[in-house]
Amino acid sequence: MARSLEGLVLAPVADQAPGQVGTGTRFAYHEERGRVWAEYAGGDVVRGHLVGTREGDRLDFRYVQLRRDGTTASGHCVSTVVELPDGRVRLEEAWEWESRRGRGTSVVEQLPY
């Protein structure tokens with residue numbers, strides 16, 4: 001199992017569609033006894049929160065966010081935690097909106113030390 005996410009800051013490696021997270025978004029992760037949560041902001045996202053569980057290297061969480069245009073959105077994501085050769089953490093994500101139509105994949109990585 002890859003190391004704990006507690007205290008890690010991660011960022012997307014590529015931009016998503018407008019109104020979603022992008023390379024300017026920062027996720028501050030926390031983890032405790034199989035529970036994970038994070039606060040995030042940046043780019044088109046003013047404030048976002050995610051909360052879920054971790055079993056081995058699999059995260060299962062729901063997220064909600066407030067965008068710059070004043071709209072909100074929510075969804076579900078399943079991620080695989082991968083430890084990179086340089087010791088940083090990557091999350092390989094499959095997500096789906098619950099507040100509207102749409103799904104996709106994304107990758108977020110721990111920022112370099």
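Our subject in this report is the structure included herewith. As the structure is a prediction and not an experimental result, all values here were calculated from the model.

A few points about the side chain of Glu31
- Along the chain, the position of Glu31 falls in strand β2 (residues 26-32).
- Within the local environment of Glu31, its side chain forms a polar contact with the backbone nitrogen of Leu5, the two atoms lying 2.7 Å apart.
- If we skip the residues at most four places from it in the chain, Glu31 touches Ser4, Leu5, Glu6, Val36, Trp37 and Arg54.

A short note on the environment of Leu91
- You can see Leu91 is positioned in strand β7 (residues 89-97).
- In sequence terms Leu91 and Thr80 are 11 residues apart; their C-alpha atoms lie 5.5 Å from each other.
- With near-sequence residues (within four places) excluded, Leu91 lies in contact with Leu5, Leu10, Tyr29, Leu59, Ser79, Thr80, Val81, Ser106, Val107 and Val108.

Comments concerning the pairing of strand β5 (residues 58-67)
- Of the two faces of β5, only the one carrying Leu59, Phe61, Tyr63, Gln65 and Arg67 is buried; Arg58, Asp60, Arg62, Val64 and Leu66 on the other face are not.
- Looking at chain direction, strand β4 (residues 45-55) and β5 are connected through 10 bridges and run antiparallel. From the neighbouring strand, Leu50 faces β5, where its bridge partner is Tyr63.
- Counting the residues that bridge the hairpin from β4 to β5 gives 2 residues, and of these Gly56 lies at a positive phi of roughly 65°.
- Joining the antiparallel neighbours β5 and strand β6 (residues 72-83) is a turn of 4 residues, in which Gly70 adopts a positive phi near 90°.

The rules behind these values
- Residues numbered from 1 in each chain as written.
- Predicted model: local features only at pLDDT ≥ 70, side-chain atom pairs only at ≥ 80, totals over all residues.
- Heavy atoms only, no water.
- Helix = DSSP H or I, 4+ residues; strand = E, 2+ residues; numbered from the N terminus.
- Polar contact = N/O pair within 3.5 Å; in protein donor to acceptor, adjacent residues only side chain to side chain.
- Contact = heavy atoms within 4.5 Å.
- Buried < 20%, exposed > 50% of the residue type's maximum accessible area, 1.4 Å probe, protein only.
- Pairing = 2+ DSSP bridges.

So yeah, pure geometry; function would need other evidence.
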